[in-house]
Each structure stands twice: as C-alpha cells, then as structure tokens.
Amino acid sequence: MTFKRMGLLPEILKAVDAQGYIKATPIQMHAIPAILDGRDILGGAQTGTGKTAAFALPILTILNENRHTSKARKPKALILAPTRELADQVGESFRNYGVFLPLETVTIYGGVKINPQISNLKNGTDIVVATPGRLLDHLGQKTIDLSEIEIFVLDEADRMLDTGFIRDIKKIVQALPERRQNLLFSATYGNDIKALAKDILKNPVSVEVTKRNAAADKVDQFVYFTTKNQKRHLLAHLIQEESWYQVLVFVKTKHGANRLAAQLDKGGIPSSAIHGNKSQAARTRALNAFKKGDIQALVATDIAARGIDLQDLSHVVNYDLPNVPEDYVHRIGRTGRAGKSGIAISLVTPEDKQHLQRIQRVLKHTIPVKTNGTFKPVVQNPHPISSYPEQNNAAKTAGKPQQKAQPTYRTGAPQRRRRRSA
Ligand code: AMP
C-alpha cells in the first residue's frame, strides 16, 4: 500500500517521497488511518518497523489542520520517549516529515542545558518530544504548559517501564487535559503494559505488526558456542573473515564495553564504545562515526543502545546475552529493519546456557547453532611475562624484544572498510 490514499497532506507525501519511502510498512498501513480517525492506538511494534512515521505522519496532518501561528501557542502533541537518543530521533523524524509544513518541534531531555529548551518553548511550538525526567523539571519550573495537548504518545512504553519511569509518566498524564487522543507503542506486552494501557487508552484500536515477543522475521539468528577466553577472538575473526562492515555489539557492562572496543580496535577493527558514562556529545560522535562507516563495530550497553536509529545495520552481536529475555528481541530489532534483512549472532559460553534457554522459551523456537570452521582458538600465554620480573629484566638485558601476551588476530578476507580518520 502506498501513502497516497491514507488522507495525509500533500506536503507530507512530498516529504515521505523525499525520504525515499515507496510503500507503507504494515504498522503504517494500519495505524495511520486509525489515528487520522481520532482513535486511541495500542501499537505492538518494535524499533525498525517504521513506527515513528506511523504516528508522526498523521499527527502532523491533524495539527496542521487546526494550526495556530501565535508565538505564545502551546504544544498540541506530546511524545514521551525513554531515552535521549530516541527523543532526538523522533524529534528529527517530525522535522523531516514536516519539512514542508510550518509546524515546530521542540525536543527536551536531560544531560544538557535547560535554558535553550526554555527559549525554544517560549518561541511557541506545536510538538514536544521529551524524556520524562526533564519534562517534569520543565513542569516544575512552569516553563511548559501541557494544558492544550490534543495527542499524547508513549513511545517504547515497555522501555519506559523498565527504566522505572512509571511514576513520572503518571505525574505527566495528570498535567494533560482529560480529552485527548492517546497512542501507546510497545515491543512487548507484559502485565505492566496491559495495566498502563488500561489506565491511559480509551477504546483503543490494537495494531500489532510483530507477533508478541517474537523476533522480526527478517533477522537470521545464530548461536556460536564459545568460551569466555575465546569470545573476543571469535568475534574479531567473524567480523574480519565475513567482512561485517557495520556491527552493533551488545555487552553487559560499561567497563566491558570500553575493554572490548579497545581490544577490537587494537586488532585492526575500528571500534568505539557507547554507554551511560559517556557524555551525550561523545555518544553522538560515536554514533555518527558508526553511521558514516568510520567505525566498524559499535560496542554498547543496552541502556545506551536503546532507541538508537541505525539503518542498513547488517549485524547485531550479543557478546553478552541479555539478562532479560525480552531484551534479546529488542536488541535484534536493530537489524533487519523496514524490510531489510539482517543477522543476529549470539556468543554463548557454558555459563550462559540457562540464559539461552530462557531466551528460546520467549522466542518459542531454538536458535540454530553455527560453527566456524576456520576459527582456531587463540592460545593465551598462561604466564604473562609481567608476573616474572627477573625474566623481564633478563629479556631486556639480553636486548631481545619483550614477548607480549597480546594475541594477534588471524584474519580471513580483508576488511571492507577502514577508519578514515583517527
Ligand atoms: P522506526 O521503526 O520508526 O525506528 O523506523 C525504522 C527505519 O525505517 C527508519 O530509519 C525509517 O527512516 C525507515 N522507514 C520508516 N518507514 C519507512 C517506509 N515506509 N519505507 C522505508 N523505510 C521506512
């Protein structure tokens, strides 16, 4: 189905065309007419399904119809997102899809100065995209007035609950007018989401594009069995041998992210880590370098990776399996997006076997196991030289180069992309 007969404004069709979209994705096909009809929506859709356009296009259409132009105008649509990255992307999407319309979007989130946000709000806006914490700061300081909100969107609602935002959401809902249209999107549909949906939505249309808790169809999933010691070598080997040029690697901890990115980088795979301890500027820099292809592997924790929009992502790797099985579905949703196919690899150690079983129970199928015939385990030096000071000294005095415990990666095919800048 094309976008033409859905009742969207010509200016929006032009913008959609400029984005290169030809057909509406399933969520867009079902949600757009229902939203234009004024209905509340319960959307079962994860990132990568085109859900942002599914709500942004009709919202822009509705708001443009009753447009106010005064500088003192108050926002009419509020979109709540769980992370700064997602808020940024959703804000960008509204600007892109609304490029031929005179509607303004302001994005507000924490970790950056509040004053520019205040002045943006003062200049009058139609759409606000926000993370809950900073929005509450604005409400507390009375620098935002939500009394004229007509459409309220909770994006990635399950993420929002995972991050403990439920109280914040409830406080925000209290600041909204009773009469409004509500749209709730969530990749998973546990009891807490059901309760929230019951609280917020009125007689909603249910739009579901992925089976509940089922991974995207377009993603080929594989498991490699390995050990803790060999994991990073196997990963480097796969990246190089199979020339993966854009791989998102999930790890459990911030420290682990830094360490793995440094190790891959040292082994000739340009890599960067993103996690909660990095500043917003550093995260954006790493993300942009990754999108441009300057960085081949982006190593991320779940929290940092939430909501980041990456197109054409060929590979997602679960370097550490997620603690919560539903996170597996979210993670692999980063690949195989909007009709493109992708590959999701999980590196599983004997310690992870139970985790894997839990994930497979949620998926309701087993993940095929792969072996890599050309990977030869890297033998680690069992006694790092540094633990034998007298030998170190002997090696030095003999003028011999000091042996390093750091292994070199054996490679197959050459890398497709190299770092263009340091
Ligand atoms: P989302 O699920 O909103 O994160 O969107 C995932 C990606 O799909 C984004 O990069 C969009 O630009 C892209 N996208 C959204 N709708 C379409 C469409 N109808 N055709 C092609 N790509 C799309």
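Being a predicted model, the structure only gives us computed values, none of them experimental.

Each value, and the rule that gives it
- Within each chain, residues carry numbers counting from 1 in the order of the written sequence.
- Residue-level local features of this predicted model are given only where pLDDT is at least 70; pairs of side-chain atoms are given and counted only at 80 or more, and the full residue set underlies all totals for whole chains, interfaces and linings.
- With hydrogens and water set aside, each side-chain value is computed from the structure's full complement of heavy atoms.
- Numbering of helices and strands runs from the N terminus; a helix is a DSSP stretch of H or I covering at least four residues, while a strand is a stretch of E covering at least two.
- Accessible area is worked out with a 1.4 Å probe on protein chains only. A residue is then buried under 20% of its type maximum, exposed over 50%, and partly exposed in between.
- We call two residues contacting when some pair of their heavy atoms lies within 4.5 Å.
- Only the protein chains shown count as covering a residue, and every accessible area follows the Shrake-Rupley method with a 1.4 Å probe.
- pLDDT measures how confident the predictor is about each residue, on a scale from 0 to 100.
- Pairing of aromatic side chains here covers Phe, Tyr and the six-membered ring of Trp, requires ring centres within 6.5 Å, and sorts the geometry by plane angle: under 30 degrees stacked, over 60 edge-to-face, intermediate tilted.
- Think of the arc as the fan of directions from the helix axis to the C-beta atoms.
- Pairing between two strands requires that DSSP report at least two bridges joining them.
- Salt bridges are defined as contacts in which a side-chain nitrogen from Lys or Arg sits within 4 Å of a carboxyl oxygen from Asp or Glu.
- Fitted lines through C-alpha atoms give the axes, limited to the stretch in contact for helices. The angle between two N-to-C directions lies from 0 to 180 degrees.
- Oblique is the label for any angle not under 35 degrees, not over 145, and not in the 65 to 115 range, which are roughly parallel, roughly antiparallel and roughly perpendicular in turn.
- For a crossing to be left-handed, the near helix must be turned anticlockwise from the far one by less than a right angle; the clockwise case is right-handed.
- Gly is placed with the polar residues, together with every amino acid not listed as nonpolar (Ala, Val, Leu, Ile, Met, Phe, Trp, Tyr, Cys and Pro) or charged (Asp, Glu, Lys and Arg).

### Observations regarding the overall build of the chain
From N to C terminus, the chain includes 16 helices and 14 strands. Looking at the 422 residues of the chain, the share that counts as buried comes to 55%. Residue pairs at least 24 apart in sequence account for 77% of intrachain contacts in the chain once pairs closer than 6 positions are excluded. Accessible area for the chain stands at about 19,800 Å²; split by element, carbon and sulfur atoms hold 50% of it.

### A closer look at the confidence of the model for the chain
Mean pLDDT for the chain: 84, with 84% of residues reaching 70 or above. Here residues 211-216 scores under 50 on pLDDT; set against residues more than four positions off or in separate chains, the count is 14 contacts. Across residues 382-422, confidence stays below pLDDT 50; counting only partners more than four residues off in sequence or on other chains, it has 54 contacts.

### Section: unusual backbone geometry
Trans is the prevailing form of peptide bonds, just as negative phi is the prevailing case for residues other than glycine. With a phi close to 50°, Glu156 is a non-glycine residue in the positive phi region. Within the secondary structure, Glu156 sits in the loop between β5 (151-154) and α7 (157-162). Under the relative-accessibility criterion, Glu156 is labelled buried at 4%. Backbone geometry places Ser243, a non-glycine residue, at a positive phi of 50°. Among the structural elements, Ser243 can be located in the loop between α10 (231-241) and β9 (247-250). For Ser243, a relative accessible area of 16% gives the class buried.

### Details of the packing of aromatic side chains
Applying the stated rule across the entire model yields three aromatic pairs. Between Phe55 and Phe94, the aromatic rings sit 6.2 Å apart at their centres with planes inclined by 45°, giving tilted as the arrangement. Residue Phe55 is found in helix α3 (residues 51-65), and its partner Phe94 is found in helix α4 (residues 84-97); the two are separated by 39 residues along the sequence. Here Phe55 matches Phe94 in class, with each residue buried. When the centroid spacing of 5.3 Å and the interplanar angle of 40° are considered together, the rings of Phe55 and Phe185 count as tilted. Within this pair, whereas Phe55 is found in helix α3, its partner Phe185 is found in strand β6 (residues 181-186), the two being separated by 130 residues in sequence. Comparing Phe55 with Phe185, the two get one shared label, buried. Taken together, the aromatic side chains of Phe55, Phe94 and Phe185 make up a single cluster linked through ring pairs.

### Concerning helix α1 (residues 10-18)
Along α1, the positions that sit buried rather than exposed are Ile12, Ala15 and Val16. All buried residues of α1 project into a common sector of 100° when viewed along the axis, lining one side. Looking at α1, the residues exposed on the side facing more than 90 degrees away from the buried face are Pro10, Asp17 and Ala18. Buried residues along α1 sit in contact with α3 and α4.

### A short note on the pairing of strand β13 (residues 342-348)
The element β13 is extensively covered by neighbouring structure, given that six of its seven residues are classed as buried. As judged from the seven bridges shared by strand β8 (residues 219-225) and β13, these two strands associate in the parallel manner. Within β13, the residue paired with Phe225 across the bridge is Val348. Examined bridge by bridge, strand β12 (residues 315-318) and β13 share four bridges and lie parallel to one another. Each residue of the ladder has a partner; that of Asn318, found in β13, is Ser346.

### A look at the pattern of salt bridges
In this structure the tally under the stated criterion is 14 salt bridges. One salt bridge connects Arg73 with Asp126, and the closest N-O pair in it is separated by 3.0 Å. Of this pair, Arg73 sits in the loop between α3 and β2 (77-80) while Asp126 is found in the loop between α5 (115-122) and β4 (127-130), placing the two residues 53 residues apart along the sequence. Residue Arg73 shares its accessibility class with Asp126, and that shared class is buried.

### What about the environment of Tyr224?
You can see Tyr224 is positioned in strand β8. Each C-alpha atom, one on Tyr224 and one on Val348, is 6.1 Å from the other, the two residues being 124 residues apart in sequence. The residues contacting Tyr224, other than those within four sequence positions of it, are Leu234, Leu238, Glu242, Ile345, Ser346, Leu347, Val348, Lys370, Thr371 and Asn372.

### Focus on the packing of helix α2 (residues 26-36) against α3
Direction vectors running N to C along α2 and α3 enclose 25°, while the axes themselves pass 9 Å from each other. Regarding the angle of α2 to α3, the classification is roughly parallel. Here α2 runs over α3; the crossing is right-handed. Where α2 approaches α3, its residues Ile27, Gln28, Ala31, Ile32, Ile35 and Leu36 are matched on the opposing element by Lys51, Ala53, Ala54, Phe55, Leu57, Pro58, Thr61 and Ile62. In the contact of α2 with α3, the residues fall into eleven nonpolar, two polar and one charged.

### Some words on the sheet that holds strand β11 (residues 297-300)
Reading across the sheet, the seven strands line up as β10-β11-β9-β12-β13-β8-β14 and stay open at both edges, with parallel pairing between neighbours. Pairing within the sheet leaves two strands with one partner each, and these edge strands are β10 (271-274) and β14 (369-370). Contacts between α10 and the sheet are confined to β8, β9, β11, β12 and β13, with β13 contributing the most and set at about 160° to the helix. Sheet contacts for helix α15 (residues 353-363): β8 and β13; angle to β8, the most-contacted strand, approximately 160°.

### A look at the sheet that holds strand β1 (residues 41-44)
Pairing within the open sheet is parallel, and its seven strands lie in the order β3-β4-β2-β5-β6-β1-β7. A strand with exactly one partner marks an edge of an open sheet, and here the two such strands are β3 (105-108) and β7 (205-208). On average, adjacent strands in this sheet sit at an angle of 15° to one another, irrespective of strand direction. Sheet topology note: the β5/β6 ladder contains four bridges and is parallel. Paired with Val153 across the strands is Leu183, a residue of β6. Helix-sheet contacts for α3 involve β2, β4, β5 and β6, and the interaxial angle to β6 is about 170°.

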